[in-house]
Amino acid sequence: MNKRARPVFSISHDRWSVQLTDDGSRTLIDPSTSVAFHSASGGLAETKHVYFENSGVGSRLRRGAPTAVLEIGLGLGMGCLVTLDAARTHDCPITYTAIENAWLPVEVLRELKFEELLEHPSLVSEFLSWRESLGRVVETGEHEYQFSDTETLLVDHCDALTWDRASEGSFDAIYLDPFAPNENPELWTVEFFSRLNRVLKPNGCLVSYCVNRRVREALSSAGFKPEAVPGPPGGKRETLRALKGNV
């Protein structure tokens, strides 16, 4: 993987700065630790390849199949917006649920200029206006926004370990996108993965950037069938895809 330095810009935040990634998309990075929300090799490319395509969500939307996605770690909202953008392009019903316990303020999210990445940039302005309406500190609980009659976003502002709003077999795909196991170890355990397995539909798919052996073993113990698959061009050599199995 290319280790060259990428441009980093300061913003009005006590931890995060903006980093320009190789495909022109922006992400946030902590300059003191190099922890970032996306790969410096290309944040948009990573999102599309690792989550949108590897999960099967892209192919579902292109053939017009109504789709329900769960994201663990809304983060900057790129996965959400990329998915909603494609659903609108293909006129396909989408319900997107995300769990987040540290939703960034709108002034930070505006610095990312995600409207430059989408076919339907109005989605970004709507998303940011809605985020702003929730206040700088978002109340714990579920927050819903209807982009249209067929485009629903649900963000549950809570600890993912206590989240219990979904019934068995609710989702076609799960984007597992918290910080790495050394940063958020509690979200990479057999117990947590077992809960995710239960809310996936039969033949559902979980995807993640993290493909290390311990994570794959934990997924297997939780009833998934994990496999390493090729990573995005210029990025990680391998990423993760795991089909639903029996718990």
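Conventions we followed
- Residues numbered from 1 in each chain as written.
- Predicted model: local features only at pLDDT ≥ 70, side-chain atom pairs only at ≥ 80, totals over all residues.
- Heavy atoms only, no water.
- Core = buried A, V, L, I, M, F, W, Y, C linked by side-chain atoms within 4.5 Å.
- Buried < 20%, exposed > 50% of the residue type's maximum accessible area, 1.4 Å probe, protein only.
- Helix = DSSP H or I, 4+ residues; strand = E, 2+ residues; numbered from the N terminus.
- Contact = heavy atoms within 4.5 Å.
- Pairing = 2+ DSSP bridges.
- Axes fitted to C-alpha atoms, helices over the stretch in contact; angles between N-to-C directions.

## What to know about the nonpolar core
Here is step 1 of the chain: The biggest cluster of nonpolar side chains holds 75 residues, and the ones touching the most others in it are L28, I72, F193 and L196.
Here is step 2 of the chain: A per-element tally of this core places helix α3 (residues 78–89) first, with seven residues.
Here is step 3 of the chain: Filtering out sequence-adjacent residues up to four positions away, I72 remains in contact with I99, A160, I174, Y175, L176, D177, P178, L187, F192 and L196.

## Topic: the sheet that holds strand β9 (residues 171–176)
Here is step 1 of the chain: Read from one edge to the other, the open sheet built from eight strands follows the order β7-β8-β6-β5-β9-β10-β12-β11, with strand pairing classed as mixed. Looking at which strands have only one partner, the edges of the open sheet turn out to be β7 (141–148) and β11 (225–230). If you compare each strand with its neighbour and ignore which way they point, the axes differ by 20 degrees on average.
Here is step 2 of the chain: Across six bridges, strand β5 (residues 67–72) lies against strand β6 (residues 94–100) in parallel orientation. Residue pairing for β6: A68 is matched across the bridge by T95.
Here is step 3 of the chain: Strands β7 and β8 (151–157) of the sheet are contacted by helix α5 (residues 122–133), whose axis makes an angle of about 150 degrees with β7.
Here is step 4 of the chain: Set on the sheet, helix α7 (residues 213–221) makes contact with β10 (200–208), β11 and β12 (238–243); between it and β12 the angle comes to about 5 degrees.

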